[in-house]
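Now for the letters of each chain:
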Amino acid sequence: MTDKIMQELDPSDLGTLEFWEKTYAVEIENFRDHGDVGEVWFGSESASKVVRCINSKLLLKKEEDKIIDLGCGNGMLLVDLANEGFKKLVGVDYSQKAINLSAAVLEENNISNVELQVCDIVDAGNNLPGDFKLAHDKGTYDAISLSPENPKEKRLKYIENVHKILLRGGYLLLTSCNWTKDELVEHFREKFDLLLEIPTRTFAFGGQIGHTVTQLVFTKK
Ligand SMILES: C[S@@+](CC[C@H](N)C(=O)[O-])C[C@H]1O[C@@H](n2cnc3c(N)ncnc32)[C@H](O)[C@@H]1O
């Protein structure tokens, strides 16, 4: 294991609830005033790759398999999944304002089969059931990793809790722009196996090839 893989990220406001509450307070206003759903984290391409991967590689049963979006933000991924025909959808976020925005965005799209809940995924008593086939995360593990307080403990608790809420053989589909594939595999290896990497754009610099975004699917051990 290299030292680089053992390092934590530099702390940031993005790792605090206050930041997200302020962000979504503005985004709710923008949505009410202009119908603008706000920031599409990591771009619309990464969101459509997620939906394509779920449809073509993970072969979930749309009527039966439960999917949870961890840190659902504006709820747009839930809209996309509902439009694809997935029936058992749950969105959680620790920001009440994110949940309010998700509820408004879902209503605007005439989607009524999504359960929303304010929930801190790091919290041991989060009361989530253990019957999800797929947990989706776009940017939430990143945000937790940027916490100014105890980021490593929070990351480890996140990994433990996601493992608990998944069925045996369930999937975690994770999109990160802060961690590399090698780092994520190392973080998750005790409780998850890497199933596949979704190809993302690469850039070459000084003879090294890098990715701006990493998208991985893990299976629960
Ligand atoms: C980068 S945003 C991504 C939002 C959404 N997944 C998307 O792709 O648009 C990170 C989200 O994670 C949420 N979040 C951060 N820490 C969390 C935690 N411990 N439990 C639940 N949600 C959390 C934030 O409120 C925010 O909505």
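Please read these numbers as outputs of a predicted model, since none were measured by experiment.

Draft legend 1. The sheet that holds strand S9 (residues 214-220), seen in detail. In spatial order, the strands read S3-S2-S1-S4-S5-S9-S6; together these seven strands make up an open sheet with mixed pairing. In this open sheet, the two strands that pair with only one neighbour each are strand S3 (114-118) and strand S6 (192-198). Within this sheet the neighbouring strands show an average axis-to-axis angle of 20°, counted without direction. Note that strand S5 (residues 166-176) and S9 share six bridges and pair antiparallel. When the bridges of S9 are listed, Leu172 appears paired with Phe218. Contacts from helix H5 (residues 96-108) reach strand S2 (88-93) and S3, with the element oriented near 165° to S3. On top of the sheet, helix H7 (residues 151-165) reaches strand S1 (66-70), strand S4 (132-138), S5, S6 and S9; it is set at about 135° to S5, its chief contact.

Draft legend 2. Structural context of the site of the ligand. Among the 18 residues in the neighbourhood of the ligand, the closest are listed as Tyr24, Gly71, Asp93, Asp120 and Lys138. Contact between the ligand and Ile121: a nitrogen atom at 3.1 Å from a main-chain N or O atom of the residue. At 2.6 Å from an oxygen atom of the ligand is found a side-chain nitrogen or oxygen belonging to Lys138. Against a free-state accessible area of 590 Å², the protein chains account for coverage of 96% of the ligand. At the level of secondary structure, the elements contributing two or more residues to the shell around the ligand comprise helix H2 (17-34) and helix H6 (140-145). If you tally residues by element for the shell around the ligand, the top one is H6, at three residues.

Draft legend 3. Here's a closer look at the packing of helix H3 (residues 43-58) against helix H4 (residues 76-83). As a packed pair, H3 and H4 sit with axes 10 Å apart at the nearest point and diverge in direction by 35°. In the crossing of H3 with H4, the sense of the turn from one axis to the other is right-handed. On the side of H3, the interface is formed by Ala47, Val50, Val51 and Ile54, while H4 contributes Leu77, Asp80 and Leu81. Residue classes in the contact of H3 with H4 are distributed as six nonpolar, no polar and one charged.

Draft legend 4. Fine view of the pairing of S1. Where burial is concerned, most of S1 is hidden: five out of the five residues are buried. Residues Lys66, Ile68 and Leu70 point to one face of S1 and Ile67 and Asp69 to the other, with burial holding for every one of them. The sheet contact formed by S1 and S2 spans five bridges and is parallel. Pairing of Ile68 across the sheet is with Val90, part of S2. Chirality of the crossover, the property in question, places the unit of S1, H4 and S2 among those that are right-handed. Of the strand pairs in this sheet, S1 and S4 are connected by three bridges, and their pairing is parallel. Looking at S4, one finds that Ile68 is bridged to Ala135.

Draft legend 5. Geometry of the pairing of S3. Sheet topology places S2 next to S3; five bridges connect them, and they run parallel. Bridge pairing in S3 places Leu89 opposite Val114. Tracing the backbone out of S2, into H5 and back to the parallel element S3 gives a crossover that is right-handed.

Thresholds, definitions, all that
Residues numbered from 1 in each chain as written. Predicted model: local features only at pLDDT ≥ 70, side-chain atom pairs only at ≥ 80, totals over all residues. Heavy atoms only, no water. Pairing = 2+ DSSP bridges. Helix = DSSP H or I, 4+ residues; strand = E, 2+ residues; numbered from the N terminus. Axes fitted to C-alpha atoms, helices over the stretch in contact; angles between N-to-C directions. Contact = heavy atoms within 4.5 Å. Near = heavy atom within 4 Å. Polar contact = N/O pair within 3.5 Å; in protein donor to acceptor, adjacent residues only side chain to side chain. Areas by Shrake-Rupley, 256 points an atom, 1.4 Å probe, with all protein chains shown as cover. Left-handed = near helix turned anticlockwise from the far one by under 90°. Nonpolar A, V, L, I, M, F, W, Y, C, P; charged D, E, K, R; others polar. Buried < 20%, exposed > 50% of the residue type's maximum accessible area, 1.4 Å probe, protein only. Right-handed = clockwise from strand over helix to strand, strands pointing away.

The analysis is restricted to geometry; functional conclusions fall outside its scope.
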